[in-house]
Amino acid sequence: MDATHYPAPLAEALQRLAERQRGPQRLVRPVGIIGPGDGDAQVCAAAREVACALARAGMAIVCGGRGGVMAAASQGAREGGGIAIGILPEEDERNANAWLSVAIATGMGEMRNALVARSALCLAAIGGNMGTLSEMALGLKWGTPVFVLHGDVALPGAVQVADAQEMLARLVDALLGMQPAART
C-alpha cells in the first residue's frame, strides 16, 4: 500500500499533502472514515488502503472505533504510521478494535455518530448501513465534504467514487483546498 503504485498525479498530490502536514499550515482535524461494522472484504480492503495512504500523508483518521470498516481503517492508519481515533458508543473501550491509537468511550450509543461526523474535515463513506447514512447526512447538513464508495443510498450532495484511488484523489483534493483553522 505505498504511493508507488498510484498514478503520478495522485502520488504527487499525496506528496503535497504530506509536505503541508509537516509544516505550520497542517490540518489538525482528522478525516472520517465511516462504514459498516460488518463490512465485507472489498469494503474493508478499500478502507484500509485509504486510511494507510492518508496516514502516510500525515492525516489522522476518526471512525466509530469498532469492527468491519472501522477496524480496517484503523489498521490502515496505524500501518501508515498515523493515528486512528475511535469514538465508541459504549461507556468503556471493551468493544474497541485493536488498531485504535485513541479510544473515546462516550456512553452515547448511536448518537456518537454525530461526534464522528462533526469532528471530521471530510468523510469517506466506504460501504453503507443506517449508521453510515446518519453520519453522511449529518456531515452534508454541516457542509462537510462526503465521498462515497460502495454506498447503498445516494444522498444529494455526496460524491460517488468508483474505487479507492478515486476516493483518495477526491479526499486529497478537498484537503489541499482547505485552510487550517486559526490557532493561538
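Structure: see above.
The following refers to the structure shown.

Thresholds applied
Residues numbered from 1 in each chain as written. Predicted model: local features only at pLDDT ≥ 70, side-chain atom pairs only at ≥ 80, totals over all residues. Heavy atoms only, no water. Salt bridge = Lys/Arg side-chain N within 4 Å of Asp/Glu carboxyl O. Helix = DSSP H or I, 4+ residues; strand = E, 2+ residues; numbered from the N terminus. Contact = heavy atoms within 4.5 Å. Buried < 20%, exposed > 50% of the residue type's maximum accessible area, 1.4 Å probe, protein only. Pairing = 2+ DSSP bridges. Axes fitted to C-alpha atoms, helices over the stretch in contact; angles between N-to-C directions. Phe/Tyr/Trp six-rings, centres within 6.5 Å; stacked < 30°, edge-to-face > 60°. Lys NZ or Arg CZ within 6 Å of the ring centre and 35° of its normal. Right-handed = clockwise from strand over helix to strand, strands pointing away. Core = buried A, V, L, I, M, F, W, Y, C linked by side-chain atoms within 4.5 Å.

**Digging into the pattern of salt bridges**
Okay, step 1: Evaluated as defined, the whole model comprises five salt bridges.
Okay, step 2: Close ionic contact of Glu79 with Arg48 constitutes a salt bridge, the shortest N to O distance being 2.6 Å. Of this pair, Glu79 sits in helix H3 (residues 69–79) while Arg48 sits in helix H2 (residues 41–56), placing them 31 residues apart in sequence.

**Let's talk about the side chain of Asn113**
Okay, step 1: When you line up the elements, Asn113 lands in helix H4 (residues 112–119).
Okay, step 2: Those residues in contact with Asn113 that lie beyond four places of it in its chain are Gly131, Ser134 and Glu135.

**Examining H3**
Okay, step 1: Along H3, nine of the eleven residues are buried, which leaves the element largely enclosed by surrounding structure.
Okay, step 2: Inspection of H3 places Val69, Met70, Ala71, Ala72, Ala73, Ser74, Gln75, Gly76 and Ala77 among the buried residues, and these make up the whole buried set.
Okay, step 3: Contacts made by the buried residues of H3 are with strand E1 (31–34), H2, strand E2 (61–63), strand E3 (84–88), H4 and strand E5 (123–126).
Okay, step 4: With its phi angle positive at about 80°, Gly81 sits one or two positions after the end of H3.

**A short note on the sheet that holds E3**
Okay, step 1: Spatially, the seven strands line up as an open sheet ordered E4-E3-E2-E1-E5-E6-E7, and their pairing is parallel. Edge strands, defined here as strands with exactly one partner in the open sheet, are strand E4 (102–105) and strand E7 (159–160).
Okay, step 2: Alignment of E2 against E3, held across three bridges, turns out to be parallel. When the sheet's bridge partners are listed, Cys63 is paired in E3 with Gly86.
Okay, step 3: Those strands touched by H4 are E1, E2, E3 and E5, and its axis lies near 150° from that of E3.

**Description of the packing of aromatic side chains**
Okay, step 1: By the definition in use, this model includes zero aromatic pairs.
Okay, step 2: The side chain of Arg118 reaches across the aromatic face of Trp142, ending 4.0 Å from its centre.

**A few points about the pairing of E1**
Okay, step 1: Alternating residues of E1 divide into Val31 and Ile33 and Gly32 and Ile34, and every residue in both groups is buried.
Okay, step 2: Bridge count between E1 and E2: two bridges; the pairing is parallel. Residue Gly32 lies in a different strand from E2, and its bridge partner there is Val62.
Okay, step 3: Each parallel crossover has a hand, and the one from E1 via H2 to E2 is right-handed.

**Observations regarding the nonpolar core**
Okay, step 1: In this structure, Ile33, Val50, Leu54, Ile126, Met167, Leu171 and Leu175 are the most contacted members of the largest nonpolar core, which totals 44 residues.
Okay, step 2: Elements supplying a minimum of two residues to this core: helix H1 (8–21), E1, H2, E2, H3, E5, strand E6 (146–149) and helix H6 (164–176).
Okay, step 3: When residues of this core are assigned to their parent elements, the largest contribution, nine residues, is made by H2.
Okay, step 4: Here Val50 is in contact with Ile33, Ile126, Ala164, Met167, Leu168 and Leu171, once residues within four sequence places are set aside.

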